[in-house]
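Coordinate inspection notes
Listed below, chain by chain, are the residues.
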Amino acid sequence: TTSPLSQTQGAGLSGGARRRMTLWQRLLHDGGALFGLGLLVLILVAAIGAPVIAPTSPTDSNVSRRLRPPLSTVPELGFTLLGTDNLGRDMFSRIVYAARISLTIGIIGIALSFALALILGGLAGYYGGWVDDALNWFYSVFSSIPYLLLILAVAAVLQQKGMTTIILILGLTG
């Protein structure tokens, strides 16, 4: 059988040449990966440029323009790409600004989780013995708890609401 890699890059390359291709060369030959990369870049650009791209503030509400359908013209707002909600807020503006918050939470949460894993893994690898066994036991117990229950327990211990709490929960449980 042929692998997906050989189908996307053609039969002109030998097996050894395919294995020597770099990650970026493989990415450029894979249509699905290019589509995903393009979508990710589009979301990043929209999130970074939210103040420029969004036609209004995400919290700007006006009940007189509520529940407008997508691709409609709204008085005082103009053209709305995705319409308005029940409070008259522009949905496109809300989604673009929400992408900014979601990406911030995700990136910082992953960085915190990576830093914690790097420190704990380094300690286990350097000291070995009982330190390695203790960290391994802790991780085994930690990973046996259902994820949702673990998130709720960490949220109850922190007893705060907000973006910082969400980042800490994702960083500690990731």
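Residues numbered from 1 in each chain as written. Predicted model: local features only at pLDDT ≥ 70, side-chain atom pairs only at ≥ 80, totals over all residues. Heavy atoms only, no water.

**Here we look at the overall build of the protein chain**
Put simply, the rule reads: Only DSSP runs of H or I covering at least 4 residues are called helices, and only runs of E covering at least 2 are called strands; the numbering of each starts at the N terminus. Buried residues are those whose accessible area, probed at 1.4 Å on protein chains only, stays under 20% of the maximum for their type, while exposed residues exceed 50% and partly exposed ones sit between those limits. Only heavy atoms matter for contacts: two residues are in contact if any of them lie within 4.5 Å across the pair. Only the protein chains shown count as covering a residue, and every accessible area follows the Shrake-Rupley method with a 1.4 Å probe.
Looking only at helices and strands, one finds nine helices and two strands in the protein chain. The buried share of the protein chain, reckoned over its 174 residues, is 22%. Pairs at least 24 residues apart make up 39% of the contacts formed inside the protein chain by residues separated by at least 6 positions. Accessible surface, the protein chain: about 12,100 Å² in total, of which carbon and sulfur atoms supply 70%.

**Examining unusual backbone geometry**
A positive phi angle, near 55 degrees, is found at Leu67, a position not held by glycine. For Leu67, a relative accessible area of 53% corresponds to the exposed category.

**Notes on the confidence of the model for the protein chain**
Quick note on the threshold: A residue's pLDDT is simply how confident the predictor is in it, with values from 0 to 100.
Across the protein chain, the average pLDDT comes to 85, with 89% of residues at or above 70. Per-element mean pLDDT across the protein chain ranges from 50 in helix 1 (residues 4–9) up to 94 in helix 6 (residues 91–127).

**A few points about the layout of surface pockets**
Inclusion rule: Every definition here rests on a 1 Å grid over the protein atoms only: cavities are sets of points where a 1.4 Å probe fits but cannot get out, pockets are open sets enclosed by protein on both sides within 12 Å along at least five of seven lines, and lining residues have some atom within 4 Å of a point. Grid points are joined across faces, edges and corners, and a volume is the space filled by probe spheres set on the points. Asp, Glu, Lys and Arg are counted as charged, while Ala, Val, Leu, Ile, Met, Phe, Trp, Tyr, Cys and Pro are counted as nonpolar; the rest, among them Gly, fall into the polar class.
A volume near 530 Å³ is recorded for the largest pocket. As for the largest pocket, its lining consists of 19 residues, and the residues nearest its centre are Leu116, Leu120, Tyr139, Phe142 and Leu172. At the level of secondary structure, the elements contributing two or more residues to the lining of the largest pocket comprise helix 6, helix 7 (129–144), helix 8 (147–158) and helix 9 (163–173). Tallied by class, residues from the lining of the largest pocket come to twelve nonpolar, seven polar and no charged.

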